[in-house]
Amino acid sequence: MFGIELSMIWAVLIAVAVFLYVALDGFDLGVGILFPFAKDARERDQMQAAIAPVWDGNETWLVLGGGGLFAAFPKAYAALMPALYIPIILMLLALIFRGVAFEFRHHGRNAGKKWWTVAFSAGSIVAAAAQGLVLGAFVQGVNIVDGVFVGGPLDWLTPFSLLVAAALVAGYALLGAGWLVYKTKGELYERSRGWVKQLALLVALAMGAVSLGTLGVDPRVTYRWGLTMTSIDWNTFLPVAPLPVVALGLCFLLWRGAEKGQHLQPYLYTVGLFLVGYVGLAVSLWPYIIPFAMTPQEAAAADNALSLMLWGALPMLPIILAYTAYVYWLFRAKVGDEASYH
Amino acid sequence: MDLDALLLSRLQFAFTVGFHIIFPAFTIGLASFLAVLEGLWLATKKPAFRNLYLFWVKIFALSFGMGVVSGVVMSYQFGTNWSVFAEQTGSVLGPLLAYEVLTAFFLEASFLGVMLFGWKRVGPKLHFFSTCMVAFGTLISAFWILAANSWMQTPQGFETGPDGTYIATDFMSVIFNPSLPSRFMHMVLAAYLTTAMVVAGASAFALLAKRAIPESRAALRMGILMMAIVAPLQVVIGHESGVVAHEHQPAKVAAMEGWWETKAQQPTLLFGWPDQDAETTHAAIGIPGMGSWFVAGDSNAELPGLNAFPKEDRPPVWLTFWSFRVMVGMGLIMVALGLWGALLWILKRVDSVKLYHRALVIAAPSGFIAVLAGWIAAEVGRQPYVVYGVLRTADAVSPVPAGSVGLSLLFFLVVYAIVFTAGALYILRLMSKGPDTEEPPRTDEPPGTALGAGVKSATAGEA
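Every value quoted in this text rests on a predicted model; they were computed, and no experiment measured them.

Trainee: How would you explain the overall build of chain B if you had to name every residue and give the values?
Mentor: Each helix and strand in chain B was counted, giving 14 helices and eight strands. Here the C-alpha atoms of chain B give a radius of gyration of 24 Å, agreeing with the 23 Å that 2.2 N^0.38 yields for 463 residues. The dimensions of chain B, computed from C-alpha atoms along their principal axes, are 70 × 50 × 40 Å. A total of 463 residues make up chain B; the buried ones form 53% of that total.

Trainee: Describe the environment of Leu337(B), and please don't skip the residues or the numbers.
Mentor: All names here are of chain B. Within the secondary structure, Leu337 sits in helix α10 (residues 317–346). Spatially, the C-alpha atom of Leu337 lies 9.2 Å from that of Ala231, the residues being 106 residues apart in sequence. Among all residues touching Leu337, those that are not within four sequence positions of it are Met227, Ala359, Leu360 and Ala363.

Trainee: Before we move on, can you summarise the pairing of strand β5 (residues 280–287) of chain B with the specific residues and values?
Mentor: By the bridge criterion, six bridges tie strand β4 (residues 268–275) of chain B to β5(B) in an arrangement that is antiparallel. Note on β5(B): the bridge partner recorded for Thr268(B) is Ile287(B).

Trainee: Let's hear about the interface of chain A and chain B: which residues, and what values?
Mentor: Taken residue by residue, the interface counts 64 residues in chain A and 65 residues in chain B. Every element with two or more residues in the side of chain A that touches chain B is listed here: α3 (55–72), α4 (74–83), α5 (85–107), α6 (110–140), β2 (148–149) and α14 (303–330) of chain A. In terms of residue count, the dominant contributor to the side of chain A that touches chain B is α5(A) (14 residues). Within the side of chain A that touches chain B, the residues separate by chemical class into 42 nonpolar, 12 polar and 10 charged.

Trainee: Mind laying out unusual backbone geometry, listing which residues take part and the relevant values?
Mentor: Geometrically, the link from Trp286(A) to Pro287(A) is a cis peptide bond, its omega value of 0° lying close to zero. With respect to the element layout, Pro287(A) can be found in the loop between α12 (265–285) and α13 (296–299). Residue Pro384(B) is reached from Gln383(B) by a cis peptide bond, and omega for that bond is 5°. Within the element layout of this structure, Pro384(B) appears in the loop between α12 (366–380) and β7 (385–387). A positive phi angle, near 45°, is found at Ala212(B), a position not held by glycine. Note on placement: Ala212(B) falls in the loop between α6 (180–208) and α7 (213–248). By the C-beta count within 10 Å, which is 24 here, Ala212(B) ends up buried.

Trainee: Explain α3(A) to me, and be specific about the residues and the numbers.
Mentor: Because the α-helix completes a turn every 3.6 residues, residues three or four places apart line up on one side. For α3(A), which comprises 18 residues, the first-to-last C-alpha distance of 25 Å matches the rise-based estimate of 26 Å (1.5 Å per residue) to within 8%. Of all 18 residues that make up α3(A), 18 are buried, and the element is covered over most of its length.

Trainee: Outline the environment of Gly141(A), supporting the account with residue identities and numerical values.
Mentor: Position of Gly141(A) relative to the elements: it lies in the loop between α6 and β1 (144–145). Sequence separation between Gly141(A) and Phe237(A) is 96 residues; the distance between their C-alpha atoms is 23 Å.

Trainee: Residues and numbers for helix α1 (residues 6–34) of chain A, please.
Mentor: All names here are of chain A. Its 29 residues give α1 an end-to-end C-alpha distance of 41 Å, which sits within 8% of 42 Å, the value for a rise of 1.5 Å per residue. At Gly26, α1 shows its maximal kink, close to 35°. Of all 29 residues that make up α1, 22 are buried, and the element is covered over most of its length.

Trainee: Report on the nonpolar core, specifying residues and quantitative values.
Mentor: One finds Trp56(B) and Met227(B) to be the most contacted residues of the largest nonpolar core, which totals 277 residues. Among residues more than four places away in sequence, those in contact with Trp56(B) are Leu30(B), Phe33(B), Leu34(B) and Leu37(B).

Trainee: I'd like to hear about the confidence of the model for chain B, residue by residue, with values.
Mentor: A residue-level look at chain B finds 94% of positions with pLDDT of 70 or above and a mean pLDDT of 91. Low pLDDT, under 50, characterises residues 440–463 of chain B; the predicted model gives this stretch 20 contacts beyond four residues in sequence or across chains.

Trainee: Mind laying out the packing of helix α8 (residues 186–217) of chain A against helix α11 (residues 242–260) of chain A, listing which residues take part and the relevant values?
Mentor: Residues and elements named next belong to chain A. α11 packs onto α8 with a crossing angle of 170° between their chain directions and a minimal axis gap of 8 Å. It follows from the interaxial angle that α8 and α11 lie roughly antiparallel. The residues of α11 that touch α8, namely those facing Arg193, Val196, Lys197, Ala200, Ala204, Met207 and Ser211, are Pro244, Ala247, Leu248, Cys251, Leu254, Trp255, Ala258 and Glu259. The class makeup of the residues in the contact of α8 with α11 is 11 nonpolar, one polar and three charged.

Analysis parameters
- Residues numbered from 1 in each chain as written.
- Chains lettered and ligands numbered in written order.
- Predicted model: local features only at pLDDT ≥ 70, side-chain atom pairs only at ≥ 80, totals over all residues.
- Helix = DSSP H or I, 4+ residues; strand = E, 2+ residues; numbered from the N terminus.
- Rg over C-alpha atoms; globule rule 2.2 N^0.38 Å.
- Buried ≥ 20, exposed ≤ 12 C-beta atoms within 10 Å, placed from the backbone.
- Contact = placed C-beta atoms within 7 Å.
- Pairing = 2+ DSSP bridges.
- Nonpolar A, V, L, I, M, F, W, Y, C, P; charged D, E, K, R; others polar.
- Expected span 1.5 Å × (residues − 1).
- Bend = angle between axes of the 7 residues up to and from the residue.
- Core = buried A, V, L, I, M, F, W, Y, C linked by C-beta atoms within 7 Å.
- pLDDT = per-residue confidence, 0-100.
- Axes fitted to C-alpha atoms, helices over the stretch in contact; angles between N-to-C directions.
- Parallel < 35°, antiparallel > 145°, perpendicular 65-115°, else oblique.

See below:
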């Protein structure tokens, strides 16, 4: 269709879905990560109210990412999921706790409310960390022979994947803090500005560490960046060199945005920061759907399945984005004490 | 693949999908019920309908949340535990599930936010529209997931491609496979009945406790109306589903009925103890010829028993047999309660017969039991295949060691037990309190204002 490989179109669509997931569910997971740092129960209620109407839609992008991978690239899905068994299950269990906690926190009485407050926060942290472990394990590559995972159950557990997990928790916390700056007022808004400034520094360091780590996972990545131990291939390096510079610039803008008391900008700068990291990753791993083991073409479903889905996705995705944007617009007001329907 | 990992993966899938189905079975019906309530409120402006809406929407939010999080698990479990199944069927079933996400999940999730948090923020028409979109989304979702599952029961419209995986030759015949129409109808009606039983049970409980009288009387009648019409209709649809199953999955029907010998005048067994090893059903009490008459429309029809199939192709008989009986039993209870209610309605005694109210309270979970039992019969009866006649369950499992699966199963058991207990507690607590009404509050609790909520949470302590 349109002279482009269907598998490439789907690889791009799924990459977009995953990015939208990170940018959207990232902020509501981030709010959960910041829960322990709130002053009191009232502040935590406001934090949750800032995400309650939209979190379910945000998490649906994760289902589209997983379901889309199954549908468009069944061979990649079948090879990756067993390899990432433990972190994926961990993520799912954590998402259960924090997902039900939205409602349960309001129905619990003393001990119940405390328990679900902790569950919401711990669930958000563990889910973010588990996604980081998945990402780290994915980047460092999984042991696949003839399209089947042949490694051990703990292959994913390496210093690199732990580093990525920590970085992603910090990154989501920054998204959450940015979102709270946008959605809250008064004391909580001031507190959120402080979180943005602290986390901007932390995330800048974490991104740098992960970037260096990524260069170390495979010589093919360093080659992609035009780097070797002893020399720099300027023709390869120069086109991608702006990425880290843009990332640093965004960190600064975001710090200054919080300093100056901007509202929506810090969140958007953070999304930009994630986008830079995402593009950097794409540069490093192109053109693999499972790094160095499987390309989208090799992993793709049959052409008639891909084309049927594309005919559905072409009209549906704009409609989904339109009503999602509409719902965000409906709930654009900053939250106060009255936001809950309970 | 060692047997342990296979067995553990099967247990885990059965447990997680069984847990999951409880919530859609309830929320599909409840979403439609809420749409009807809101429509009635907008049309009549009777406060009872608004109060009912605001009451049931809280229960909906709790149940829907549990359905969402347990549903996300399912979309990843195909890969984590059934990667061979995922790889083999991806080009056939993948698009169906992708369409479910694109046409249903986003619709439900986005408009749920408006439904729960928009009551005071958006106009009544937009709010009603949102409720309708959520209800519509649950039905679309049911359609796609039933299409996928029905294809696994009665696969068609595919061939084996050069790489050994299945490729659709005709997606229309994949989607509209033989068992889809009856099974989709069967599931939607089951969801409506499940909701009707819960609504009727909760309303009867409120009437027994003399709470929220106008609301409970209205909701009780809506529940009875649904029961009286849908429960008998469900018997007809369920029968149709059985006829289709007999045509395409005769071994499943033989297991449901406990038939071993192939013969004319197959019985309908009221009781029996199927014994897989002895290839017989002990202590069978049944009505000769009735089974043949039900399934083939002729009591003299010769129908295959399990002995007609090689041992390795037979489903586990005891579980299929008994879960089928439990489902039918629950269905008959619902039919009886529906007719009893209709009779009382005609006699104008719906609100006064306490015995009927007590019966409804006891029967409130009957829909859940029927749905679980029915799905067990359908899924266990499909064994030993995951895609009937095409792919064996034993060949579909992931290359994951038993230790990992055992650990994850243990965690699912613990986490779901906690979540289920808390969710059930909160829902039952809401139900025992009943809808808020215009009647003056009976306690000295502050009214439901922002100030009041602040006072309440301050006295409830820090959390």
